[in-house]
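The residues making up each chain are set out below.
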Amino acid sequence: MVLFGAIYHWYPKITGRMWNAALGKLHFWLTFLGTYAIYLPMHYLGILGVPRRYYALGTTDFLPESVHSVNASISIAAFIVAAAQLLFLFNLIWSLRHGERASPNPWRATTLEWQTPDTPPKHGNWGPELPTVYRWAYDYSVPGAAADFIPQNDPGDGRGHAGHGEVKPS
């Protein structure tokens, strides 16, 4: 799930295109709920004493009949989760060709990687001039600031505020 989150987060900056949000949400929910549909029944099987990673179980008289249907439902859930990953790949390719153009900073992040002049960034990221950093990377909710979002390379918000919420001398 972490890898999917990272891909969804960085995709606009890397490709210059936005994801299809509806397909992305469908992929997330199918994967998230499907994962629980796989692993929660496995806990039930573990409580029943079903051994794992055995080539042959031998006698299974101690197992109730429900074990077979639970194993079948786990297999179905695993196929659904696998199909959701095909949906992810489809969305990845479709969005690359047909996705709307991403703004340089679609998530309104304050950190420098989202402030590059080009999306996707060209070799060298910043060109001939490196940015000047005026504040901490995660300087959100600066007291008295006009907006919650002030990029690191913005010298101020026009109200006399410098980095870390400190007031410039007048």
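See the structure printed just above.
These figures come from a predicted structure and were not determined experimentally.

Draft legend 1. Up close: the side chain of Asn-105. Looking at the secondary structure, you find Asn-105 in the segment after helix H3 (66–98). Classification of Asn-105 by relative accessible area gives buried; the value is 13%. For Asn-105, the side chain forms a polar contact with the main-chain oxygen of Ala-109, separated by 2.8 Å. Excluding its chain neighbours within four sequence positions, the residues that come into contact with Asn-105 are Trp-114, Gln-115 and Phe-149.

Draft legend 2. Structural view of the packing of helix H1 (residues 2–15) against H3. Two numbers describe how H1 lies on H3: the axes approach to 11 Å, and their chain directions differ by 10°. As judged from the angle between their axes, H1 and H3 are roughly parallel. Contacts between H1 and H3 involve Phe-4, Ile-7, Tyr-8, Tyr-11 and Thr-15 from the first element and Gln-85, Phe-88, Asn-91, Leu-92, Ser-95 and Leu-96 from the second. Broken down by class, the residue content of the contact of H1 with H3 amounts to seven nonpolar, four polar and no charged.

Draft legend 3. Focus on H3. Taking 1.5 Å of rise per residue, the 33 residues of H3 would be expected to cover 48 Å, and the 47 Å separating its terminal C-alpha atoms lies within 8% of that figure. What H3 keeps buried is the set Val-67, Val-70, Ile-74, Ala-77, Val-81, Ala-84, Leu-87, Phe-88, Asn-91 and Ser-95. Where the residues of H3 are buried, they touch H1 and helix H2 (21–48).

Draft legend 4. Seen up close, the packing of aromatic side chains. For the coordinates displayed, the defined rule picks out eleven aromatic pairs. When the centroid spacing of 4.8 Å and the interplanar angle of 70° are considered together, the rings of Phe-4 and Phe-88 count as edge-to-face. Here Phe-4 is found in helix H1, whereas its partner Phe-88 is found in helix H3, with 84 residues between them in sequence. Among the residues examined, Phe-88 registers a relative accessible area of 7% and is labelled buried. By the ring-pair criterion, three or more aromatic residues cluster together here, those being Phe-4, Tyr-8, Tyr-11, Trp-19 and Phe-88.

Reading guide: rules and limits
- Residues numbered from 1 in each chain as written.
- Predicted model: local features only at pLDDT ≥ 70, side-chain atom pairs only at ≥ 80, totals over all residues.
- Heavy atoms only, no water.
- Helix = DSSP H or I, 4+ residues; strand = E, 2+ residues; numbered from the N terminus.
- Buried < 20%, exposed > 50% of the residue type's maximum accessible area, 1.4 Å probe, protein only.
- Polar contact = N/O pair within 3.5 Å; in protein donor to acceptor, adjacent residues only side chain to side chain.
- Contact = heavy atoms within 4.5 Å.
- Axes fitted to C-alpha atoms, helices over the stretch in contact; angles between N-to-C directions.
- Parallel < 35°, antiparallel > 145°, perpendicular 65-115°, else oblique.
- Nonpolar A, V, L, I, M, F, W, Y, C, P; charged D, E, K, R; others polar.
- Expected span 1.5 Å × (residues − 1).
- Phe/Tyr/Trp six-rings, centres within 6.5 Å; stacked < 30°, edge-to-face > 60°.

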